[in-house]
Amino acid sequence: MDINTYTADFLAAQQKRDPAQKVFHQAVAEVVSTLKPVLEQKPIYLKEKILERIVEPERIISFRVPWADDKGEIHVNRGFRVQFNSALGPYKGGIRFHSSVTQDSLKFLAFEQTFKNSLTTLPLGGGKGGSDFDTRGKSDAEVMRFCHSFINELYHHIGYHTDIPAGDLGCGAREIGYMFGQYKKLTNDFTGAFTGKKPNWGGSLLRPQATGYGVAYFAQNMLATKKDTLQGKTAIISGTGNVGVHAIEKLTELGAKVVGFMDYDGSIYDADGVDAEKLAFLKDLVFVRRGSLKEYNKKFKKAVFRPGQKTWDIPCDIACPTACENELDEHDAKTLLKNGCKCICEGSNMPCTPQAIEAFQNAGILYSPGKASNAGGVAVSGLEMTQNSMRIYWTREEVDQYLRRIMNSIHTSCLSYAEEYGMKGNYMAGANIAGFIKVADAMLDQGLV
Ligand code: GLU
């Protein structure tokens, strides 16, 4: 059977099996579309049914999370952990707390995480977890009760050599602290079973900054292939969370001017760019006061707040989507291209729709998928695990050096695998192929488990 028929039949069978899991199928289709030359060259993957095995999570845990709010009213949320693939190491990936969380969305994120973690060069399997619990609008005490209840079940399934959760959307140092505290209480064991811990009790310096900084380093590498730099370029991002704010910080430090960003309420257009004072304000607004961007232009009067509007119509050289999946569609892509954008560097997981990616690739501009350019966060999580095992702390400079080295290595892998398999300059193909081959070969070595 020829490879096109094989992959088409494979995708159709997957969709028939779980017709409702749209984002998962989208992620699988994207990966499979770039693997055809690999499958042709290495028929052992077909014989050993690697595709069929690699899209099936090793385990999914689904559980009830009851908790009481400050008034004593009882709520019931759903908790999940998708332990996707452990061929390269213990399951590793974040926890997402957001009303949009479903088993499907976590299955897609855990699938992506498997390839992302493979690209980091570190011994990490792939997983993801979370709950349809929204931390927005909840008191600290409510968040704590929820996190404790979440861990009352999850602690059975995680551990330093088994599965190491971290943060993600809606889950930062506060939530990791509450979950770690309850995990330690129940197991009577102080280990590095979580990453994203605060540095005074086992966390790595630069972990909060790592994803955003990594995005900026990756964009710098992409531009270097065109003998260009970030100096003087205008940039926009989307979500102003942990990834977005730190991407703004590093892009600015490397010479770019960040003129647009957004949150749940709307977007900011700031033609002058973000300077040190504005960045300090943003960090306090987002990380300390958990406030809205509506406040930004009350303080910085020349900036414009655009209620309910995305950032993608703001003219820029570089765009870094840093919010959530499918946040940038074909229309947004065409607007970006019309306005002269030359580089898309994804900071979130699968933020561009397939049609948007096609538009970027047809236009021949630089485009990198999140599994490559946002891998800095999980990479520094891997470094946090190493520091915990060694019972030492590395300095900021040491961690930053490793982070840069890992982002450079991912960038090189993307380009060399894309070229080797006849898709020169295609970061998406390179990332998928490099990530896939390492996991697939480990699966072959470990037999039918
Ligand atoms: N949630 C982050 C990601 O999507 C980090 C995961 C981790 O550090 O384990 O890669």
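Use the structure listed above.
The paragraphs below set out a description of the structure included in this document. Computed from a predicted model, the values in this text were never measured in an experiment.

Reading guide: rules and limits
Residues numbered from 1 in each chain as written. Predicted model: local features only at pLDDT ≥ 70, side-chain atom pairs only at ≥ 80, totals over all residues. Heavy atoms only, no water. Salt bridge = Lys/Arg side-chain N within 4 Å of Asp/Glu carboxyl O. Helix = DSSP H or I, 4+ residues; strand = E, 2+ residues; numbered from the N terminus. Pairing = 2+ DSSP bridges. Axes fitted to C-alpha atoms, helices over the stretch in contact; angles between N-to-C directions. Expected span 1.5 Å × (residues − 1). Buried < 20%, exposed > 50% of the residue type's maximum accessible area, 1.4 Å probe, protein only. Polar contact = N/O pair within 3.5 Å; in protein donor to acceptor, adjacent residues only side chain to side chain. Phe/Tyr/Trp six-rings, centres within 6.5 Å; stacked < 30°, edge-to-face > 60°. Lys NZ or Arg CZ within 6 Å of the ring centre and 35° of its normal. Parallel < 35°, antiparallel > 145°, perpendicular 65-115°, else oblique. Left-handed = near helix turned anticlockwise from the far one by under 90°. Contact = heavy atoms within 4.5 Å. Near = heavy atom within 4 Å. Areas by Shrake-Rupley, 256 points an atom, 1.4 Å probe, with all protein chains shown as cover. Nonpolar A, V, L, I, M, F, W, Y, C, P; charged D, E, K, R; others polar. Core = buried A, V, L, I, M, F, W, Y, C linked by side-chain atoms within 4.5 Å. Right-handed = clockwise from strand over helix to strand, strands pointing away.

Description of the pattern of salt bridges
Part 1: Tallied over the full model, the rule gives 25 salt bridges.
Part 2: With its nearest N and O atoms 2.7 Å apart, the salt bridge here joins Asp-70 to Arg-145. Residue Asp-70 is found in the loop between β1 (59-68) and β2 (74-85), and its partner Arg-145 is found in helix α6 (residues 140-154); the two are separated by 75 residues along the sequence.
Part 3: Shared partners join several salt bridges into a network, and the residues in it are Arg-96, Lys-128, Asp-168 and Glu-325.

Some thoughts on the sheet that holds β1
Strand pairing in a sheet relies on backbone hydrogen bonds, with the paired strands running either antiparallel or parallel.
Part 1: Pairing in this open sheet of 5 strands is mixed, and the strands run β1-β2-β4-β3-β5 from one edge to the other. Edge positions in the sheet fall to β1 and β5 (163-166), since each has one partner strand and no second. Each adjacent strand pair in this sheet contributes to an overall mean axis angle of 20 degrees, direction not counted.
Part 2: In this sheet, β2 lies alongside β1 in antiparallel orientation, the contact comprising 10 bridges. Residue pairing across strands places Pro-66 opposite Val-76, the latter belonging to β2.

What to know about helix α17 (residues 427-446)
Part 1: The end-to-end C-alpha separation of α17 is 29 Å, in line with the 28 Å expected for 20 residues at 1.5 Å each.
Part 2: Taking burial as the measure, the 20 residues of α17 include 15 buried ones, the bulk of the element.
Part 3: One side-chain oxygen of the residue at the start of α17 lies 3.1 Å from the amide nitrogen of Met-428, identifying that residue as Asn-426.
Part 4: Downstream of α17 by one or two residues, Gly-447 has phi in the positive range, about 75 degrees.

Let's talk about the packing of aromatic side chains
Part 1: Tallied over the full model, the rule gives 24 aromatic pairs.
Part 2: For the ring pair Phe-97 and Phe-146, a centre distance of 5.1 Å and an interplane angle of 90 degrees mean the geometry is edge-to-face. Highlighted residues: Phe-97 in strand β3 (residues 91-97) and Phe-146 in helix α6, separated in sequence by 49 residues. Just as Phe-97 is buried, Phe-146 falls in that class too.
Part 3: Between the aromatic rings of Phe-180 and Phe-194, the centroid separation amounts to 6.3 Å while the plane-to-plane angle is 80 degrees, which identifies the pairing as edge-to-face. Of the two residues, Phe-180 sits in helix α7 (residues 173-187) while Phe-194 sits in the loop between α7 and α8 (207-224), which places them 14 residues apart along the sequence. You'll find Phe-180 and Phe-194 in the same group, each marked buried.
Part 4: An aromatic cluster of three or more residues is present, and its members are Phe-63, Trp-67, Phe-97, Phe-133, Phe-146 and Phe-150.
Part 5: A cation sits over an aromatic face here: Lys-138 above Phe-133, 5.0 Å from the ring centre.

A few points about the packing of α8 against helix α16 (residues 396-420)
Part 1: For the pair α8 and α16, interaxial distance at closest approach is 9 Å and the crossing angle is 45 degrees. Classed by the angle they form, the pair α8 and α16 counts as oblique. Crossing handedness for the pair α8 and α16: right-handed. Mapping the contact onto sequence places Gln-209, Ala-210, Tyr-213, Gly-214, Tyr-217, Phe-218, Gln-220, Asn-221 and Met-222 in α8 and Arg-396, Asp-400, Leu-403, Arg-404, Met-407, Asn-408, Ile-410, His-411 and Cys-414 in α16.

Describing the site of the ligand
Part 1: In the vicinity of the ligand lie 14 residues, with Lys-92, Lys-116, Asp-168, Arg-207 and Ser-381 positioned nearest.
Part 2: The separation between an oxygen atom of the ligand and a polar side-chain atom of Ser-381 is 2.6 Å.
Part 3: Starting from 300 Å² of accessible surface for the ligand in isolation, the protein chains cover 94%.
Part 4: Residue composition of the shell around the ligand, by class: 2 nonpolar, 7 polar and 5 charged.

Some thoughts on the nonpolar core
Part 1: With 59 residues, the main nonpolar core has Phe-218, Ile-248, Leu-251, Phe-261, Tyr-296 and Ile-410 as its most contacted residues.
Part 2: Considering each element in turn, this core owes the most residues, 9 residues, to α8.
Part 3: Each residue touching Ile-410, except ones within four places of it in the same chain, is listed here: Leu-119, Thr-120, Phe-218, Ala-372 and Ala-375.
Part 4: Of all hydrophobic cores here, the second largest spans 39 residues; its members include Ala-27, Leu-51, Ile-54 and Ile-437.

Digging into the pairing of strand β7 (residues 257-262)
Part 1: Most of β7 is tucked away: 5 of the 6 residues are buried.
Part 2: What joins strand β6 (residues 234-239) to β7 is helix α9 (residues 242-253), and the crossover it makes is right-handed.
Part 3: As judged from the 3 bridges shared by β7 and strand β8 (residues 266-269), these two strands associate in the antiparallel manner. Looking at the pairing, Phe-261 lines up with Ile-268 of β8.
Part 4: Where β7 folds back on β8, the antiparallel hairpin that results is connected by 3 residues.

Considerations on the environment of Arg-207
Part 1: Inspection of the secondary structure assignment puts Arg-207 in helix α8.
Part 2: A sequence separation of 169 residues divides Arg-207 from Gly-376, and the C-alpha atoms of the two residues are 8.8 Å apart.
Part 3: If near-sequence neighbours (up to four positions away) are discounted, Arg-207 is found in contact with Gly-196, Gly-377, Val-378, Val-380, Ser-381 and Glu-384.
Part 4: Among the polar contacts made by the side chain of Arg-207, one reaches the side chain of Ser-381 at a distance of 2.9 Å.

Thoughts on α8
Part 1: In this model, α8 (18 residues) spans 26 Å end to end at C-alpha, consistent with the 26 Å of a helix rising 1.5 Å per residue.
Part 2: With 15 of 18 residues buried, α8 lies mostly within the body of the structure.

With respect to the packing of α8 against α9
Part 1: Put simply, α8 and α9 touch, their axes get as near as 7 Å, and they point 50 degrees apart. Here α9 runs oblique to α8, going by the angle between their axes. When the axes of α8 and α9 are compared, the crossing they make is right-handed. Between α8 and α9, the contacting residues are Pro-208, Gln-209, Thr-211, Gly-212, Tyr-213, Ala-216 and Tyr-217 on the first element and Asn-242, Val-243, His-246, Ala-247, Glu-249, Lys-250 and Leu-251 on the second.
Part 2: Of the residues belonging to the contact of α8 with α9, the class tally is 7 nonpolar, 5 polar and 2 charged.

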